[in-house]
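Listed here are the chains, written in short residue letters.
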Amino acid sequence: MSFTINELCTNCWACEPLCPNQAIYEAKPHFLIDSRRCNECEGDYPDPQCASICPIEGAILDSSGQMLNPPGSLTGIPPEKMSMNKI
Amino acid sequence: MTDSIGFGHHQHACTTNNCTTPLAENIREQVQNHPCYSEQAHHYFARMHVAVAPACNIQCHYCNRKYDCANESRPGVVSELLTPDQAVKKVLVVSSEIPQMSVVGIAGPSDPLANPEKTFATFKELAEKAPDLKLCLSTNGLNLPQYVDQIAQYNINHVTITINCVDPVIGAKIYPWIFWQNRRIKGIKAAEILIEQQQKGLEMLLERQILVKVNSVMIPGINDQHLAEVSKIVKAKGAFLHNIMPLLAKPEHGTFYGLTGQRSPTDSELSALQDSCEGEMKMMRHCRQCRADAVGMLGEDRNQDFTLEKIESATVDYQAAMQKRITVQAQITAQMTEKKEQQPHYVQFIPLTSIKRGLTKQKFVHRPILMAVATKGDNLVNEHFGHAKEFLIYEASHTGVRFLRHVKTDLYCHGDDSCGEGETALQRTIHALTGCEVILCARIGYGPWEALVAAGIQPNNDHPYEPIEEAVEKVYKEMIIAGKLDEPLQQQLGA
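Within chain B, the regular secondary structure consists of 16 helices and 17 strands. The long-range fraction of contacts in chain B, counting pairs at least 24 apart against all pairs at least 6 apart in sequence, stands at 73%. About 20,700 Å² of surface is accessible on chain B, with carbon and sulfur atoms providing 51% of the total.

See below:
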């Protein structure tokens, strides 16, 4: 049971200090989660901390590979308008 | 009524009791060499931002957290994140090469107080190694109450809070979420918490005699009608400057506002709002909405002259550099004071009746006009038209000369075919100067001269290297004498 961070991560550091298990670490090209340490914040917080502060939709996945913050859920930008954002 | 912190030529239409009051002497001293706080100072002193704060605890609809482009100039955009050690080294190297450097700020790229360890580690070391530099930070305010004491402890005596609203219903249209007490909170509740923390933080800073500037982003249809109330409230609490900035929102920014067609305010909408709030508090009009890694004078950005590679290999005698800064800056301050004393009232025009001798009195009034000025600093008309990366726009009227805003000519992605739709740089510049009737510059080529005249803008290079306000005033008077600004009085009254 562990979350993962994917290549959408912008290395903003917001999640790193919040992790109650010090599972998140700086890496290239982006931050990673140590799956042996991550417990998805069970027993620590009601909400998983990394996924609660991450500003990038789709950058953190749960153990089944589902996005914890799907497109549009954080920015409010309708997904059909996002294709304009590929410059 | 002279408030001499650099708004000296800002004394327009000061006819009611609502007139802005002179700044207290201690505040004047604190800001007289701060380019972001004093309009006069921004002609002479330099600043730099160090980008050590990548994390944020809120989302704003005008911000895209994925953005990083070296050709972009707007807040929140940065090319290279620095560690606190790198940031300190960079400040020491840059401030030894640019002795006019008076201010170091942490303004991002995200929220300094969402990165407290990095932010305060940087400030702590700077306070030790370059105690002459003023420290400031810019925050969204959410974590402000928690860190006010640390801010005071590190002698950070200038704090900017971005306050876009005091009404959570409006706030919910600007901030989709905040991170607060280990949860992501959305909607009106999120805005309520943010507003409460901002206001509490503002009050706590003021209790500790820390100077507070409030930034607001003007978003047409969202908070434009509301910002007068914001201005009134923050002024009543004791913020000393309100900086209303235009929303920057284009689809290519990839922000919510950019992608959903939210428009930016026009220059005249912005000026009108600033004017309407002016009675409430000092308005700041020279803000350049700098990048979080900007370096140099306000109108320029020399960040790219100071790469990490260059910084790390440089050796600096910190003590000698500080001595040089102190000497250079004392000279600048003395020159500024001298200028002020020489011409304490020159912006208060000689009564126009003395100019209109020979004309039948009272038949004419003279309309105010806008003039653009090409300058590269020192408050002088000293830039070649074709070299100007920006123009300063001044209004001349019978009440005096006042600075209104700056206009960038070097729009975001120059050189790219997708930008400007095939307009030449000159056409873009002329378009950006719409509304100006005169452009003052040190020199100008024949081609641009003709093009400007054809567009109804009179180039004028008769006042090279003269102080800006003086030159604007002279040209205005010349135009009055030439009868170019006469308007029948009846027409004015009837309007």
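Next, the rest of the story.
On to the confidence of the model for chain B, then. Atom-level detail of predicted coordinates should not be read off regions where pLDDT is low. All names here are of chain B. Per-residue confidence for chain B averages 81 on the pLDDT scale, and 80% of its residues sit at or above 70. Of all secondary-structure elements in chain B, the lowest mean pLDDT belongs to helix H12 (residues 352–355), at 42, while helix H5 (residues 168–171) reaches the highest, 98. Confidence over residues 344–362 falls short of pLDDT 50; this stretch has 32 contacts with residues more than four positions distant or in other chains. The model gives residues 490–495 a pLDDT under 50, and that stretch makes two contacts with residues more than four places away or in other chains.

The next thing to look at is the interface of chain A and chain B. The interface is formed by 27 residues belonging to chain A together with 25 residues belonging to chain B. Here chain A meets chain B over a buried area of about 2,100 Å², counting both sides, of which 58% is carbon and sulfur. Here chain A is connected to chain B by one salt bridge. With its nearest N and O atoms 2.9 Å apart, the salt bridge here joins B:Arg183 to A:Asp47. Joining chain A to chain B, the criterion identifies eight residue pairs in polar contact (both at pLDDT 80 or more). Residue composition of the side of chain A that touches chain B, by class: 16 nonpolar, nine polar and two charged.

Time to look at the sheet that holds strand S14 (residues 400–408) of chain B. All names here are of chain B. Taking strand neighbours across the sheet as the criterion, the five strands line up as S14-S13-S12-S15-S16 in an open arrangement whose pairing is mixed. Unpaired on one side and paired on the other, S14 and strand S16 (458–460) mark the two borders of the sheet. The mean angle between the axes of side-by-side strands here comes to 25°, regardless of whether they run parallel or antiparallel. Bridge analysis of strand S13 (residues 390–397) against S14 gives eight bridges, and the strand direction is antiparallel.

Another aspect to go through is the nonpolar core. All names here are of chain B. Ranked by internal contacts, the top residues of the largest apolar core, which has 56 residues, are Ile 151, Ile 156 and Leu 205. Sort the elements by how many residues they give to this core and helix H2 (residues 84–97) lands first, with six residues. Beyond its immediate stretch of four places on either side in the chain, Leu 205 contacts Leu 144, Val 148, Ile 151, Val 159, Ile 161, Ile 210 and Val 212. Judged by nonpolar contacts, the second largest core, of 26 residues, contains Ile 58, Cys 60, Leu 142 and Ala 190.

This part takes up the side chain of B:His61. Of note, B:His61 is situated in the loop between strand S2 (58–59) and H2. Not counting residues within four places of it along the chain, the set of residues in contact with B:His61 comprises A:Thr75, B:Lys173, B:Ile174, B:Pro176, B:Thr255, B:Phe256 and B:Tyr257.

For the rest of this paragraph, the subject is helix H7 (residues 227–237) of chain B. Residues and elements named next belong to chain B. Among the residues of H7, Leu 227, Val 230, Ser 231 and Val 234 are the ones counted as buried. Angular distribution of buried residues about the axis of H7 spans 100°; they occupy a single face of the element. Summarising the contacts, the buried residues of H7 are in contact with helix H6 (187–207), strand S8 (211–218), strand S9 (241–246) and helix H9 (267–278). Count one or two residues on from H7 and you reach Gly 238, which has phi positive near 120°.

Geometry of an aromatic ring pair is reported as the spacing of the ring centres plus the angle between the planes. Counting across every chain of the model gives six aromatic pairs over all chains. Between B:Phe385 and B:Phe391, the ring centres sit 5.5 Å apart and the planes meet at 35°, which makes this aromatic pair tilted. Accessibility assignment for this pair places B:Phe385 and B:Phe391 in one class, buried. Members of the aromatic cluster, joined through ring pairs, are B:Phe120, B:Tyr147 and B:Tyr154. Sitting over the face of the ring of A:Trp13, B:Lys118 holds its NZ or CZ atom 4.1 Å from the ring centroid. The cationic tip of B:Arg184 hangs over the ring face of B:Trp177; the distance from NZ or CZ to the ring centre is 4.4 Å.

Residues and elements named next belong to chain B. Between H2 and helix H3 (residues 116–129), whose axes approach to 9 Å, the crossing angle comes to 35°. Judged by the sense of rotation from one axis to the other, the crossing of H2 with H3 is right-handed. Here Pro 84, Asp 85, Ala 87, Val 88, Val 91 and Leu 92 of H2 lie close against H3, whose contacting residues are Lys 118, Ala 121, Thr 122, Glu 125, Leu 126 and Lys 129. Residue classes in the contact of H2 with H3 are distributed as seven nonpolar, one polar and four charged.

About the cut-offs
- Residues numbered from 1 in each chain as written.
- Chains lettered and ligands numbered in written order.
- Predicted model: local features only at pLDDT ≥ 70, side-chain atom pairs only at ≥ 80, totals over all residues.
- Heavy atoms only, no water.
- Helix = DSSP H or I, 4+ residues; strand = E, 2+ residues; numbered from the N terminus.
- Contact = heavy atoms within 4.5 Å.
- Areas by Shrake-Rupley, 256 points an atom, 1.4 Å probe, with all protein chains shown as cover.
- pLDDT = per-residue confidence, 0-100.
- Buried area = accessible area lost by both parts, 1.4 Å probe.
- Salt bridge = Lys/Arg side-chain N within 4 Å of Asp/Glu carboxyl O.
- Polar contact = N/O pair within 3.5 Å; in protein donor to acceptor, adjacent residues only side chain to side chain.
- Nonpolar A, V, L, I, M, F, W, Y, C, P; charged D, E, K, R; others polar.
- Pairing = 2+ DSSP bridges.
- Axes fitted to C-alpha atoms, helices over the stretch in contact; angles between N-to-C directions.
- Core = buried A, V, L, I, M, F, W, Y, C linked by side-chain atoms within 4.5 Å.
- Buried < 20%, exposed > 50% of the residue type's maximum accessible area, 1.4 Å probe, protein only.
- Arc of directions from axis to C-beta.
- Phe/Tyr/Trp six-rings, centres within 6.5 Å; stacked < 30°, edge-to-face > 60°.
- Lys NZ or Arg CZ within 6 Å of the ring centre and 35° of its normal.
- Left-handed = near helix turned anticlockwise from the far one by under 90°.

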